[in-house]
Amino acid sequence: MAKNSINFLIDHIDPLGQGVFKKHDQIYFIPKTLPGERGQAEIIKSKKNIHFCRLVKIEDSSSCRIDPICPHFTECPGCHFLHTTYEDELKFKAESFKRMLAPIGSPEFDVIEAPERTGYRNRVQLHYHKRSQSLGFIKALQNRILEVPECKIFKSDLKPSFDELYRNKSKYLKKSKRPKGHVELYHRGDDEIKVSWDTRYASDGFTQVNEQMNKKLLECVSNALKDQHPKSTLDLFGGDGNLSRSIDGETFHIDMYPFERKDNFISLDLSEEESLAQFSTVVGNQEFDLFIVDPPRAGFKHLNAWVKKFAPKTLLYVSCHPQTMIRDIRQLEMPYKILETKLLDLFPSTFHFEAMTVIRFK
Ligand SMILES: C[S@@+](CC[C@H](N)C(=O)[O-])C[C@H]1O[C@@H](n2cnc3c(N)ncnc32)[C@H](O)[C@@H]1O
């Protein structure tokens, strides 16, 4: 056995979808493994007693293991659960979410599953390195790009453009003026596929990548608020107003990158502390019954200050990174009750999911 090889026995799956093996005071993370599995892994990177590994061989496999439908799965950093059934994937996600929720009183939650496990993304970003002529997903630990011409995660509408990129890869990379960068394919409801080279992710405005699950998310939002009848809503990190579109009453939206200037759409950087004072100047004495908060992965660290200032009756927090949602909720100083919590699987096959928590202030 090579010097940096280990024999493992997986204990559980962590929130990043990796198998965890502990021996003495050493912790090993081994992607693409399942609880109870034994085998060999290679340590790729270590930080003190924490080791990030690559699976080499499964010697004793779990009864939950299935053959992945994607030929790239074993190597690919994009999907994390195609070696098990969707039912088991949801079980692992629910176990992670349950552990995360402990600091806010372990509320019960529903799991809203996705109708499609693959073929759902309307936006996909591929990275390139001109010198190695590679195009695909970044394998951060190995500092290289994995080519994924058979990727199954995006909508079939993107397939012709995706295939064309790989077919004529050298022609496209030759045209690029940068040594490395990325290309994004986006399909939104019409027949047009937008291909953008080296622009910021979703540079023409954020939209949810899983349209079928976005519909379910909107149903959950609407059900959660059906008895609230807010007169005025503040949709923070509102994008194009997706979450508050069907809510009655007056709505103000804040986003750093509004699609276009519309009434009540305000452009502010909510990570800045001053954004609260700036917004207060714009809206004066306006009151808000309802806050909808849907930040990027970093969460909304000024949530408590905004709640104290406007004292909404209800807060509906939607998050693609439940850990930061829970951090923000823990910081709330106004007494509250959690009315409901949901795990919505907007990103099947990956460890990501969306969480929704509805809070009523007392
Ligand atoms: C997860 S998306 C939610 C968008 C919208 N609620 C939806 O459902 O489509 C997060 C939004 O936050 C915006 N955003 C990111 N960083 C921000 C910041 N620092 N201040 C304000 N908005 C920000 C993005 O432009 C994006 O529209």
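Source: prediction; values computed, not measured. (Residues numbered from 1 in each chain as written. Predicted model: local features only at pLDDT ≥ 70, side-chain atom pairs only at ≥ 80, totals over all residues.)

## Quick word on the sheet that holds strand β9 (residues 134–139)
Turning to step 1, where the next piece is worked out: Ordered in space as β10-β9-β8-β11-β12, the five strands form an open sheet in which the pairing is antiparallel. Sheet topology places β10 (144–147) and β12 (193–197) at the edges, where each strand pairs with a single neighbour. Neighbour to neighbour, the strand axes of the sheet diverge by 45° on average, direction disregarded.
Turning to step 2, where the next piece is worked out: Sheet analysis places strand β8 (residues 123–129) next to β9, joined by three bridges and oriented antiparallel. In the strand pairing of β9, Y128 is matched with L135.
Turning to step 3, where the next piece is worked out: Here helix α2 (residues 159–167) sits on the sheet in contact with β9, β11 (180–187) and β12, set at roughly 155° to β11. (Pairing = 2+ DSSP bridges. Helix = DSSP H or I, 4+ residues; strand = E, 2+ residues; numbered from the N terminus. Axes fitted to C-alpha atoms, helices over the stretch in contact; angles between N-to-C directions. Contact = placed C-beta atoms within 7 Å.)

## Description of the domain arrangement of the protein
Turning to step 1, where the next piece is worked out: Domain boundaries in the protein define domain 1 (1–65), domain 2 (98–116 + 210–361) and domain 3 (123–197).
Turning to step 2, where the next piece is worked out: For domain 1 and domain 2, the distance between their C-alpha centroids amounts to 36 Å. (Domains from an automatic or database assignment.)

## As for the environment of P322
Turning to step 1, where the next piece is worked out: Among the secondary structure elements, P322 is positioned in helix α7 (residues 322–330).
Turning to step 2, where the next piece is worked out: Judged by the 24 C-beta atoms lying within 10 Å of it, P322 is buried.
Turning to step 3, where the next piece is worked out: C-alpha separation for the pair P322 and T357, spaced 35 residues apart in sequence, amounts to 9.7 Å.
Turning to step 4, where the next piece is worked out: Setting aside chain neighbours within four positions, we find P322 in contact with F97, M100 and A355. (Buried ≥ 20, exposed ≤ 12 C-beta atoms within 10 Å, placed from the backbone.)

## Overview of the sheet that holds strand β13 (residues 232–236)
Turning to step 1, where the next piece is worked out: Spatially, eight strands are ordered β7-β18-β19-β17-β16-β13-β14-β15 in an open sheet, and the strand pairing comes out mixed. Strands with a single pairing partner mark the edges of an open sheet, and in this sheet they are β7 (110–112) and β15 (265–267). Shown here is a sheet whose adjacent strand axes are inclined to one another by a mean of 15°, direction ignored.
Turning to step 2, where the next piece is worked out: When β13 meets strand β14 (residues 250–255), the two strands line up parallel, connected through five bridges. What sits directly across from T233, in β14, is T251.
Turning to step 3, where the next piece is worked out: Against the sheet, helix α4 (residues 211–224) makes contact with β7, β17 (314–319), β18 (336–344) and β19 (354–361), and its axis sits at roughly 160° relative to β18, the strand it touches most.

## Focus on the site of the ligand
Turning to step 1, where the next piece is worked out: What surrounds the ligand is a group of 18 residues, the closest being F206, F237, G239, N242 and M256.
Turning to step 2, where the next piece is worked out: Broken down by class, the residue content of the shell around the ligand amounts to nine nonpolar, six polar and three charged. (Near = placed C-beta within 6 Å. Nonpolar A, V, L, I, M, F, W, Y, C, P; charged D, E, K, R; others polar.)

## Overview of helix α6 (residues 303–310)
Turning to step 1, where the next piece is worked out: Taken together, the buried positions of α6 are occupied by L303, W306 and V307. Around the axis of α6, the buried residues are gathered within 100° of arc, so they sit on the same side.
Turning to step 2, where the next piece is worked out: Taken together, the buried residues of α6 touch α5 (275–283), β16 (290–293), β17 and α7.
Turning to step 3, where the next piece is worked out: Note on α6: the residue one or two positions beyond its end, A311, has a positive phi of about 40°. (Arc of directions from axis to C-beta.)

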